[in-house]
Amino acid sequence: NQRNSELASFCDQWKTFVRQRCREGSHVVDERRVSYLQAAESLLPMWGEQANLEHQAAIFGARRRLQDLHAKKQQTQRHLEEGERLDREFRRVQQELHDEYSDLPTMYGALTRDVLRRADMAEAELSFPPTLARAPVFKEPAAPRTPVAAA
């Protein structure tokens, strides 16, 4: 990251400086070393602040991922509960269908026996009607009477 690249650049400059200036004497090297240490010391607060900002960003990202994970977990739990409820409902409806279908053969049998019994009764009535049914509804007209002549 930026902090490490700045530090590496500064160290490279220091090494180059030390190699080039070694010939000038220890007094100059001491001055440059002090300058380097003062520069590093002045950069430390900025590096600490940068490190804290990076750490805060990492914490924020981790919290956001944790919240997302928690929301997904709750949503998954709701889906599981809904799935279980639907499974129970499906089994209940299947049982009701089974019960209804199991009654049908008995009902169809009873209906068939009833229809056949009624057909047998209707046939019996047609072949053996009661005497009233055979009696004419209207009497035949009587033969006209002829007046008897008085003799």
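Residues numbered from 1 in each chain as written. Predicted model: local features only at pLDDT ≥ 70, side-chain atom pairs only at ≥ 80, totals over all residues. Heavy atoms only, no water.

**Considering the overall build of the chain**
Okay, step 1: Within the chain, the secondary structure is distributed over three helices and zero strands.
Okay, step 2: Accessible surface for the chain amounts to roughly 14,100 Å². Of this, 59% is attributable to carbon and sulfur atoms. (Helix = DSSP H or I, 4+ residues; strand = E, 2+ residues; numbered from the N terminus. Areas by Shrake-Rupley, 256 points an atom, 1.4 Å probe, with all protein chains shown as cover.)

**A short note on the pattern of salt bridges**
Okay, step 1: With the rule as written, the count across this model stands at five salt bridges.
Okay, step 2: Residue Arg92 is joined to Glu96 by a salt bridge in which the shortest nitrogen-to-oxygen separation is 2.2 Å. With a gap of four residues between them, Arg92 and Glu96 both fall in helix 2 (residues 26–127), about one helical turn apart.
Okay, step 3: In this structure Glu96 comes out as partly exposed when scored by relative accessible area, which is 41%. (Salt bridge = Lys/Arg side-chain N within 4 Å of Asp/Glu carboxyl O. Buried < 20%, exposed > 50% of the residue type's maximum accessible area, 1.4 Å probe, protein only.)

**Brief notes about the packing of aromatic side chains**
Okay, step 1: Summed over all chains, the structure comprises one aromatic pair.
Okay, step 2: A ring pair is formed by Phe10 and Tyr36, whose centres lie 4.7 Å apart and whose planes are at 15 degrees; its orientation type is stacked. Here Phe10 is found in helix 1 (residues 2–21), whereas its partner Tyr36 is found in helix 2, with 26 residues between them in sequence.
Okay, step 3: Overall, Phe10 belongs to the partly exposed group, its relative accessible area being 23%. (Phe/Tyr/Trp six-rings, centres within 6.5 Å; stacked < 30°, edge-to-face > 60°.)

**A short note on the environment of Arg32**
Okay, step 1: Note on placement: Arg32 falls in helix 2.
Okay, step 2: Taking C-alpha positions, Arg32 is 8.5 Å from Phe17, a pair spaced 15 residues apart along the chain.
Okay, step 3: Residues in contact with Arg32, not counting those within four places in the same chain, are Trp14 and Phe17. (Contact = heavy atoms within 4.5 Å.)

**With respect to the environment of Gly48**
Okay, step 1: Tracing the chain through its elements places Gly48 in helix 2.
Okay, step 2: On the basis of relative accessible area, Gly48 is assigned to the partly exposed category, the value being 33%.

**Details of the environment of Asn4**
Okay, step 1: Mapped onto the secondary structure, Asn4 falls in helix 1.
Okay, step 2: Taking the C-alpha atoms as reference points, Asn4 and Trp47, separated by 43 residues in sequence, lie 9.4 Å from one another.

**Quick word on the confidence of the model for the chain**
Okay, step 1: Taken residue by residue, the chain gives an average pLDDT of 80. The fraction at 70 or more is 76%.
Okay, step 2: Looking across the chain, the model is least confident in helix 3 (residues 131–134), with a mean pLDDT of 54, and most confident in helix 2, with 87. (pLDDT = per-residue confidence, 0-100.)

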